[in-house]
Amino acid sequence: MDVATAEAQALRLDEADPGHRHLFHVPPADGGEHPESAYLAGNSLGLQPRATRDELLADLDDWRRLGVEGHVEAGRPWLPYHELLTAPAARLVGARPAETVVMNSLTVNLHLLMVSFYRPAGERTRIVIEDTAFPSDSYAVRSQARFHGLDPDATVVRLKPRPGTDTLGTEDVLDFLAREGHTVALLMLGGVNYLTGELMDIPAITAAGRAAGAVVGWDLAHAAGNVPLSLHDWDVDFAAWCSYKYLNSGPGALGGVFVHERHLGNPDLPRFEGWWSTEAATRFEMTPESRPPATADAWQISNPPIFAMGPVRTSLELFDSIGMPALRERSLRLTRWLERLLEEVTADRPLQVVTPRDPARRGCQLSVRVGAGNAAELTKRLRHEHGVVADAREPDIVRFAPVPLYSTYHDCWRAAAALAATVGQYSTKGQPR
Ligand SMILES: *Cc1c(COP(=O)(O)O)cnc(C)c1O
């Protein structure tokens, strides 16, 4: 694959496999010769669907028109509004509607789920995460350990890749569980690692973790809307995800939660409660004791933010209408195309793709190691000199995520060509492994 001559091929591929870019607003380019950005940062913040604005304005108009009566008289009445999100969110992650609720933000939800599912006892006190866990997850589990009066350094285990490798293999997790599973209270990994783009074998790790006696939860921030999921059938205990990355629901958008059916309605599970934890039918009897429903709704606390739910609903409708299987097919084609281009760009340069080569072990993101200290500066130049929006993770990773909904083969070509044009000018300190 010769990057210099691949543009014509990219344009032909876009004609044959056009995706759904017309449904999104693509930001104008900040530099380079093309009017639109080559936006490959949908793993960080997804683009705005064209439908979102009008849908949101309709909700705002209901408030203007109806005041408090909007709770029952709005076009989409506010009291049961969150229920509109439940079924499509459940379909997205392979869950039953009773197992799913959209609420709060991701880290908040992880905490609320750990209230129920991190219950250290006896020698089983440890929480296992990956060494490259997103910092928020690391802070969350360390603070949970402290909350239980435990030493976070002794309680939180950070699984590292084998020496000489960049990604944590499924085997590494299974080996750890075989050795030390009896000490693990909670195994909570990222479904797709935010840094390396590695997709974990969620069913195999869940089965091994549960067989070892641990509770198994997943952070699906980079998996939801990126790869097909079957949380119910995989017997996952709980999961949480955000909606502003692949789910295109806007900055800080509401997250989603999954709690497996076997835990629903269990009165022995501690939960933090508020008036939205009680069943809807008797909520306004205003009794001092709650009656939590036997659904994931019981993990809700406050009345939900209507204007924040509109963009999630609009986005989930898009995923529903296209379907994850079709998106995954296109995702595999796009990412393979980008990979072939990057193979050429990285050959004979101090650059390396650290994402697994096996498409079954990754989503759409490819992470490139660019040499220590270069990531931020390089990413800035990609944007300002070439209109290519990628995302830096200091010190040395630049992430490119061709998102099947709106990214194009030509975007991938632009990214590879821009990287080739820019990278020659960087030092080779911090040689890639
Ligand atoms: C994006 C991301 C978060 C962000 O957490 P918020 O609570 O939504 O701010 C947390 N964990 C992971 C793994 C992420 O990728």
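Structural data are supplied above this passage.
What you see is a predicted model; the values in this text were computed from it and never measured. (Residues numbered from 1 in each chain as written. Predicted model: local features only at pLDDT ≥ 70, side-chain atom pairs only at ≥ 80, totals over all residues. Heavy atoms only, no water.)

Draft legend 1. Representation of helix α6 (residues 135-147) in the model. The terminal C-alpha atoms of α6, which comprises 13 residues, lie 18 Å apart, in line with the 18 Å expected from a rise of 1.5 Å per residue. Taken together, the buried positions of α6 are D137, S138, A140, V141, Q144 and A145. One side of α6 carries all its buried residues, which in axial view fall inside an arc of 165°. The exposed residues of α6 that point more than 90 degrees off its buried face are Y139 and F147. Elements in contact with the buried residues of α6: α5 (106-117), β3 (126-130), α7 (152-155), β4 (156-159), β5 (184-190) and β6 (215-219). Taken from the residues just after α6, G149 is the one with a positive phi, measuring 75°. (Helix = DSSP H or I, 4+ residues; strand = E, 2+ residues; numbered from the N terminus. Expected span 1.5 Å × (residues − 1). Buried < 20%, exposed > 50% of the residue type's maximum accessible area, 1.4 Å probe, protein only. Arc of directions from axis to C-beta. Contact = heavy atoms within 4.5 Å.)

Draft legend 2. Broad picture of the packing of helix α8 (residues 170-180) against helix α9 (residues 202-211). Axis separation between α8 and α9 bottoms out at 10 Å; the angle between their running directions is 5°. For the element pair α8 / α9, the angle class is roughly parallel. Of α9, the residues touching α8 (which contributes T170, V173, L174 and L177) are A204, I205, A208 and G209. When the residues that make up the contact of α8 with α9 are grouped by side-chain class, the tally is 6 nonpolar, 2 polar and no charged. (Axes fitted to C-alpha atoms, helices over the stretch in contact; angles between N-to-C directions. Parallel < 35°, antiparallel > 145°, perpendicular 65-115°, else oblique. Nonpolar A, V, L, I, M, F, W, Y, C, P; charged D, E, K, R; others polar.)

Draft legend 3. Quick peek at empty space enclosed by the protein. A complete count under the given rule lists 1 cavity of 30 Å³ or more for this structure. Volume-wise, the largest cavity comes out at about 60 Å³. Of the residues belonging to the lining of the largest cavity, the class tally is 4 nonpolar, 4 polar and 4 charged. (1 Å grid on protein atoms, 1.4 Å probe; cavity = no way out; pocket = protein on both sides within 12 Å on 5 of 7 lines; lining within 4 Å. Points joined across faces, edges and corners; volume = space filled by probe spheres on them.)

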